[in-house]
Structures are given as C-alpha cells and as structure tokens.
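Working through the structure, step by step
Residue-level listing of the chains:
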Amino acid sequence: MDILRKLTYGLFIISTNSTKLCGCVSNTVVQLSSGDKKLIGVSLNKNNFTTKEILDKKLFSVSILSKEVSSDVINEFGFTSSKDNDKFSKFNYSLVDDMPILNEGIIGYILVKVVNIVDADTHYLIIGEIYDSKVLNEGEVLTYKYYQDNLKQIKTNGVSYRCPVCGYIHNGELPDGFKCPLCGLDGSKFEKVS
Ligand SMILES: Cc1cc2nc3c(=O)[nH]c(=O)nc-3n(C[C@H](O)[C@H](O)[C@H](O)COP(=O)(O)O)c2cc1C
C-alpha cells in the first residue's frame, strides 16, 4: 500500500539473551506512554528467532542505531537469522545487565521488561517497561529513509522487487523461499520494479 511508504521510522537493533545471544533489526520501536511508567512497543515478526527468545526471556534491549553504523551490522542483523548464526560474535559488544549491546554504531540503549504481548497477525506488538537506559553519544540517529538512501547496498544486476504490502525493496533476484523481512509476505507476490 503506497500510503504505508509515507510513514517515517528510526532503525534499531532488538536483542535478548535467552538460550543464546540474538538480535534483529527493527524499524518499529515506538514510545507508548510518558508517565512514571515508561512504556515502549516494538512489532516483531512471529517467525523471527529473536521474537521467540524475547517471549521466553521476557526482557530485551533496544539499541538506537546511529548514522555512523556499518552496513555490515544491518546486513547481518536484518537479513540473517540468529537461529543458525551467532551475529554478535562478528562485532564488538558488551553485556549490559546480561543483554548484548553493540559497542559501535549506536547512540544509546534501552533495557526493557515485557509487560504485554498483543497479537498483530503476522507480528506481535511487544510492549515493555523501560528499566534502564543510557545515551552513549550525541551523534545523529539513523532513520529508515537515510538507510534506504545511503547505506542499503545496491546489487549490480539492476533488478529490484517491491513488496506490495509494506513497500520493502529487495535488490537483485529473489532467492527461493524468500519472504519480506519487514512484513513476511511471500516473495512470489513481489512486484518487479526495474
Ligand atoms: C531495515 C529493516 C527493518 C526491519 N524491521 C523489522 C521489524 O520492525 N520487525 C521485524 O520483525 N523484522 C524487521 N526486520 C527484519 C528482521 O531484522 C530480519 O528478519 C532478521 O533476519 C530476523 O533475525 P532473527 O531471526 O535473528 O530474529 C527488518 C529488517 C530490515 C533490514
């Protein structure tokens, strides 16, 4: 739906530490309340390894990505699964209250305790209360648009496919079994755009 492409987003790494260290890229973190109890929400696909681990652990962290982040971080955390991949082992990270936080490319982090889970069809809206947070530097936060315009690596064969549901663009031919990393739509439903 074209209108969904008009929504603006930040970019984050959501991580946890249940059976193993894991994490994924998300553009759907939102502040939900502003009283004494600080609630935030994140919409995570039910199929993500990180989602299952958060439901188990009931705790997660949100790292706010900076414009300086390496595209390797986004490619690793946004396009591979922690199920068969130790993503954090490829980068420098620290454990903060047992949660993995990258040492570079982030503006700060938020530690969150899950308080509610809302079924949102393909996703869960995971609502949590902030119990700790830190601003690490005053750099510029990464937006989804900045990522699309500057960090996303364009493959050379010139063919791209667009998800008709959320507008996600995949550059290059779609691999077998491809599913939209944002909304989970089957790759067979994608539209060729170039
Ligand atoms: C720019 C970008 C934004 C994304 N936003 C979300 C999101 O908000 N929710 C989600 O479930 N997946 C999102 N994804 C997809 C996950 O990061 C991706 O499926 C990841 O490989 C899941 O890893 P996991 O299986 O280790 O949890 C996004 C990916 C990218 C590249």
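Treat the numbers as computed from the prediction; the structure is a model and nothing was measured.

**Quick notes on the overall build of the chain**
When helices and strands are tallied, the chain shows three helices and twelve strands. Taking 2.2 N^0.38 as the reference for a compact globule, 194 residues should give roughly 16 Å; the C-alpha atoms of the chain span a radius of gyration of 16 Å, in line with that estimate. With the C-alpha coordinates aligned to their principal axes, the bounding extent of the chain is approximately 50 × 35 × 35 Å. Out of the 194 residues in the chain, the part that is buried amounts to 31%. Long-range pairs, those at least 24 residues apart, make up 64% of the contacts in the chain between residues at least 6 apart in sequence.

**A word on the sheet that holds strand β1 (residues 12-17)**
Read from one edge to the other, the open sheet built from seven strands follows the order β2-β1-β5-β8-β9-β4-β3, with strand pairing classed as antiparallel. The open sheet is flanked by β2 (21-26) and β3 (30-31), the only strands paired with a single partner. As paired strands, β3 and strand β4 (residues 39-45) are joined by two bridges and run antiparallel to one another. Bridge pairing in β4 places Gln31 opposite Ile40. The strands that helix α1 (residues 49-57) touches are β1, β2, β4, β5 (59-65), β8 (106-120) and β9 (123-135); relative to β1, the one it contacts most, it runs at about 50°. Contacts from helix α2 (residues 71-79) reach β1 and β2 within the one sheet, and its direction differs from that of β2 by about 105°.

**Some words on the sheet that holds strand β10 (residues 160-162)**
Reading across from one edge, β11-β10-β12 is the order of the three strands in this open sheet, with antiparallel pairing throughout. Edge strands, defined here as strands with exactly one partner in the open sheet, are β11 (169-171) and β12 (191-192). Where β10 lies against β11, three bridges are found, and the strand directions are antiparallel. Looking at the pairing, Arg162 lines up with Ile169 of β11.

**Here's the deal with the site of the ligand**
Around the ligand, the surrounding shell holds 23 residues, and the nearest of these are Asn48, Thr50, Gly78, Ser81 and Ser82. Where the shell around the ligand is concerned, the elements lending two or more residues are β2, β4, α1 and α2. A per-element tally of the shell around the ligand places β2 first, with four residues. Classifying every residue of the shell around the ligand by side-chain character gives eleven nonpolar, eleven polar and one charged.

**What to know about the nonpolar core**
With 30 residues, the main nonpolar core has Phe12, Ile13, Ile14, Val62 and Leu65 as its most contacted residues. Within the residue set of this core, elements represented by two or more residues are β1, β2, β4, β5, α2, β7 (99-102), β8 and β9. For this core, the element with the most residues is β8, which contributes six residues. Once residues lying within four places of it in the same chain are set aside, the contact partners of Val62 are Phe12, Ile14, Val29, Val42, Tyr109, Ile110 and Val112. Counting residues in hydrophobic clusters, the runner-up holds five residues, among them Tyr161, Cys163, Cys180 and Leu182.

**Things to note about the pairing of β7**
With burial as the criterion, each face of β7 is covered, one bearing Met99 and Ile101 and the other bearing Pro100 and Leu102. Where strand β6 (residues 93-96) meets β7, four bridges bridge the pair, whose relative direction is antiparallel. The residue bridging Leu95 from the neighbouring strand is Pro100, located in β7. Taken together, β6 and the strand that follows it, β7, pair antiparallel across an intervening segment of two residues, in which Asp97 is found at a positive phi of about 50°.

About the cut-offs
- Residues numbered from 1 in each chain as written.
- Predicted model: local features only at pLDDT ≥ 70, side-chain atom pairs only at ≥ 80, totals over all residues.
- Helix = DSSP H or I, 4+ residues; strand = E, 2+ residues; numbered from the N terminus.
- Rg over C-alpha atoms; globule rule 2.2 N^0.38 Å.
- Buried ≥ 20, exposed ≤ 12 C-beta atoms within 10 Å, placed from the backbone.
- Contact = placed C-beta atoms within 7 Å.
- Pairing = 2+ DSSP bridges.
- Axes fitted to C-alpha atoms, helices over the stretch in contact; angles between N-to-C directions.
- Near = placed C-beta within 6 Å.
- Nonpolar A, V, L, I, M, F, W, Y, C, P; charged D, E, K, R; others polar.
- Core = buried A, V, L, I, M, F, W, Y, C linked by C-beta atoms within 7 Å.

Any link to function would need more than the numbers given here.
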